[in-house]
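# Working through the structure, step by step
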Amino acid sequence: MRKIKLQINITIDGFVGGENGELDWMLTESDQKQIDYLNGITENVDTILLGRKMALESIPHWQKMAENDKKNQETDFAQFFTETQKIVFSKNLQHIDGKNVVLENGNLKDVIQKIKAKPGADIIVYGGANFVSSLLKENLLDELNLFVHPVSIGKGLSIFNEKTKLKLIRSEFYTNGIVLNKYEI
């Protein structure tokens, strides 16, 4: 069965965004070891899962970057993101624009279980906070890659809204101060 992996940035006090989703606390991914790890996470991935809010921001952003002729350190990820199938979960949207995008309005648990049962490579989740919280609540994630930034914001959006037991399987730090904690559930 396919594995569902979460990749998310988080503050040291457990928030994935400010109270209004602000990400101004995030450090840049400037450590080559971290960039290599991020690239490695997607090597065996053929599907991206997104919540509505994250999709509306990230799909146009990465598609525009992928179509841009200028090469930079994010171009490879932009190409991966744009060319990979994306399934967007929403109870409100009836349509979403973007390349390789499918909109899903069905029951989260039922739909995810069907996706996992289909043949294919692993699946990666990029967020947002409410969507990831729902996946955790329904026990639908297999692996969490938490990139912990050495920043405390005091209040904000959390993905953990109830007791969740995790098994640490890897931890490493990067020169920019970010620590990766990889967990299995």
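The structure this text deals with has already been given above.
Residues numbered from 1 in each chain as written. Predicted model: local features only at pLDDT ≥ 70, side-chain atom pairs only at ≥ 80, totals over all residues. Heavy atoms only, no water.

## Here's the deal with the sheet that holds strand β3 (residues 85-89)
Using the following cut-off: Pairing between strands is defined by DSSP: at least two bridges between the two strands are required. Secondary structure is summarised from DSSP: a helix means a run of H or I of at least four residues, a strand means a run of E of at least two, and numbering begins at the N terminus for each. Axis definition: a line fit to C-alpha positions, over the contact stretch in the case of helices; interaxial angles, taken between N-to-C directions, run 0 to 180 degrees.
The eight strands are arranged β4-β3-β2-β5-β1-β6-β8-β7 in an open sheet whose pairing can be described as mixed. Bordering the open sheet on either side are β4 (101-104) and β7 (167-173), each of which pairs with just one other strand. Averaged over all pairs of adjacent strands, the angle between strand axes in this sheet comes to 20°, irrespective of strand direction. In this structure, strand β1 (residues 4-11) lies alongside strand β5 (residues 122-127), joined through three bridges in parallel fashion. Residue K5 lies in a different strand from β5, and its bridge partner there is I124.

## Brief notes about the side chain of S58
So the rule is basically this: Residues are treated as being in contact if the distance between any of their heavy atoms lies within 4.5 Å.
Summarising the element assignment, S58 is placed in helix α2 (residues 52-67). With residues near it in sequence (within four places) discarded, S58 still touches L50 and F81.

## Brief notes about the packing of α2 against helix α3 (residues 75-83)
Put simply, the rule reads: Under this scheme an angle from 65 to 115 degrees is roughly perpendicular, one under 35 degrees roughly parallel, and one over 145 degrees roughly antiparallel; angles in between are oblique. Take the far helix as the reference: if the near one is turned anticlockwise from it by less than a right angle, the crossing is left-handed, and if turned clockwise, right-handed. Amino acids are sorted into nonpolar (Ala, Val, Leu, Ile, Met, Phe, Trp, Tyr, Cys and Pro), charged (Asp, Glu, Lys and Arg) and polar (every other residue, Gly among them).
Running from N to C, α2 and α3 point in directions that differ by 120°, and their axes come no closer than 8 Å. In this view, α2 runs oblique relative to α3, as classed from their interaxial angle. Seen from above, α2 lies across α3 with left-handed handedness. Contacts from S58, I59, W62, Q63, M65 and A66 of α2 reach α3 at F77, A78, Q79, F81 and T82. Residues belonging to the contact of α2 with α3 are distributed by class as follows: seven nonpolar, four polar and no charged.

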